[in-house]
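Here is what each chain is made of, one letter per residue.
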Amino acid sequence: MRPSWDEYFMQIVDLVKSRSTCLRRQVGALIVKDKRILATGYNGAPMGCRHCAEVGCLREQLNIPSGERHELCRAIHAEQNAIIQAAYSGISVKGGTLYVTHQPCVLCAKMAINAGIKKIVFRGDYPDKLSMELLKEAGIEVVKL
């Protein structure tokens with residue numbers, strides 16, 4: 001059976017997340033426009049910096065719950081990495097669709113809004129109510145598969 005476009009891109013996101021270096025949650029993201037992939041991203045340390053697999057997870061050491069204190073993490077979120085990768089290559093994501101393995105956090109939601117993303121498709125939950133409120137307020141179509 002042939003997958004829908006959303007199913008197809010979500011399958012690719014699952015492959016992208018396999019590159020994640022996060023010890024707590026592997027997340028993958030993909031930005032698509034006109035059924036063409038513009039950029040990918042996974043959660044991990046910035047370029048040239050050591051990964052959590054090498055130095056350990058500070059959030060785990062401090063027993064910080066998921067969805068809190070994002071600033072205490074070495075990693076850049078998958079959605080952020082996809083938006084940054086597009087900008088780094090001079091590609092506009094305005095009007096694009098963001099596919100991501102998990103519901104975006106509020107930081108990623110704000111970046112997606114300001115980057116001009118018009119639709120977000122995700123599968124897994126994330127404990128961030130404000131994220132969903134802002135996406136709704138901004139008029140971004142949100143689809144949970």
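Structure: above.
A quick note: this is a predicted structure, and the numbers were derived from the prediction, not measured.

Q: Would you take a moment to explain the packing of aromatic side chains for this structure?
A: The way to describe two aromatic rings as a pair is by their centre distance and the angle between their planes. Within this structure, the stated rule accounts for four aromatic pairs. For the pair W5 and Y8, a centre-to-centre distance of 5.7 Å together with 85 degrees between the ring planes defines the contact as edge-to-face. Of the two residues, W5 and Y8 both sit in helix α1 (residues 5-17), three residues apart, roughly one turn of that helix. Classification of Y8 as partly exposed rests on a relative accessible area of 38%. Note on W5 and F9: the rings are 5.7 Å apart at their centroids and 25 degrees apart in plane angle, and the pair reads as stacked. One end of the pair is W5 and the other is F9, both in helix α1 and four residues apart, which spans about a single turn. Relative accessible area serves as the criterion here: at 1%, F9 is assigned to the buried category.

Q: When you look at the pattern of salt bridges in this model, what are you seeing that I'm missing?
A: Once the charged atoms of two side chains with opposite charge are near each other, the side chains can pair. Tallying each qualifying case throughout the model produces five salt bridges. Close ionic contact of K119 with D6 constitutes a salt bridge, the shortest N to O distance being 3.7 Å. Of the two residues, K119 is situated in strand β4 (residues 119-124) and D6 in helix α1; the sequence distance between them amounts to 113 residues. On the accessibility criterion, K119 (18% relative accessible area) is buried. Take D6: its relative accessible area is 17%, and that puts it in the buried class.

Q: Help me understand the pairing of strand β1 (residues 28-33) in this model?
A: Within a regular strand, the side chains alternate between the two sheet faces. When you tally the buried positions in β1, you get five out of six residues, the bulk of the element. Here β1 runs beside strand β2 (residues 36-42); their pairing, made up of six bridges, is antiparallel. When the sheet's bridge partners are listed, L30 is paired in β2 with T40. Linking β1 back to β2 in an antiparallel pair, the connection comprises two residues, with D34 at a positive phi of about 55 degrees.

Q: Please clarify how the packing of helix α4 (residues 78-88) against helix α5 (residues 106-115) should be interpreted in this entry.
A: Each pair of packed helices can be summarised by the angle the axes make with each other and by the distance between the axes. With their axes 9 Å apart at the nearest point, α4 and α5 run at an angle of 25 degrees to one another. Between α4 and α5, the angle is such that the two are roughly parallel. Where α4 crosses over α5, the handedness of that crossing is left-handed. Across the interface between the two elements, E79, Q80 and I83 from α4 touch L107, C108, M111, A112 and A115 from α5. Here the residues of the contact of α4 with α5 are counted per class, giving six nonpolar, one polar and one charged.

Q: Is there a simple way to think about the environment of K17 in this case?
A: One can find K17 in helix α1. Overall, K17 belongs to the partly exposed group, its relative accessible area being 24%. Taking the C-alpha atoms as reference points, K17 and Y42, separated by 25 residues in sequence, lie 5.4 Å from one another. The residues contacting K17, other than those within four sequence positions of it, are Q26, V27, G28, Y42 and T101.

Parameters at a glance
Residues numbered from 1 in each chain as written. Predicted model: local features only at pLDDT ≥ 70, side-chain atom pairs only at ≥ 80, totals over all residues. Heavy atoms only, no water. Phe/Tyr/Trp six-rings, centres within 6.5 Å; stacked < 30°, edge-to-face > 60°. Helix = DSSP H or I, 4+ residues; strand = E, 2+ residues; numbered from the N terminus. Buried < 20%, exposed > 50% of the residue type's maximum accessible area, 1.4 Å probe, protein only. Salt bridge = Lys/Arg side-chain N within 4 Å of Asp/Glu carboxyl O. Pairing = 2+ DSSP bridges. Axes fitted to C-alpha atoms, helices over the stretch in contact; angles between N-to-C directions. Parallel < 35°, antiparallel > 145°, perpendicular 65-115°, else oblique. Left-handed = near helix turned anticlockwise from the far one by under 90°. Contact = heavy atoms within 4.5 Å. Nonpolar A, V, L, I, M, F, W, Y, C, P; charged D, E, K, R; others polar.

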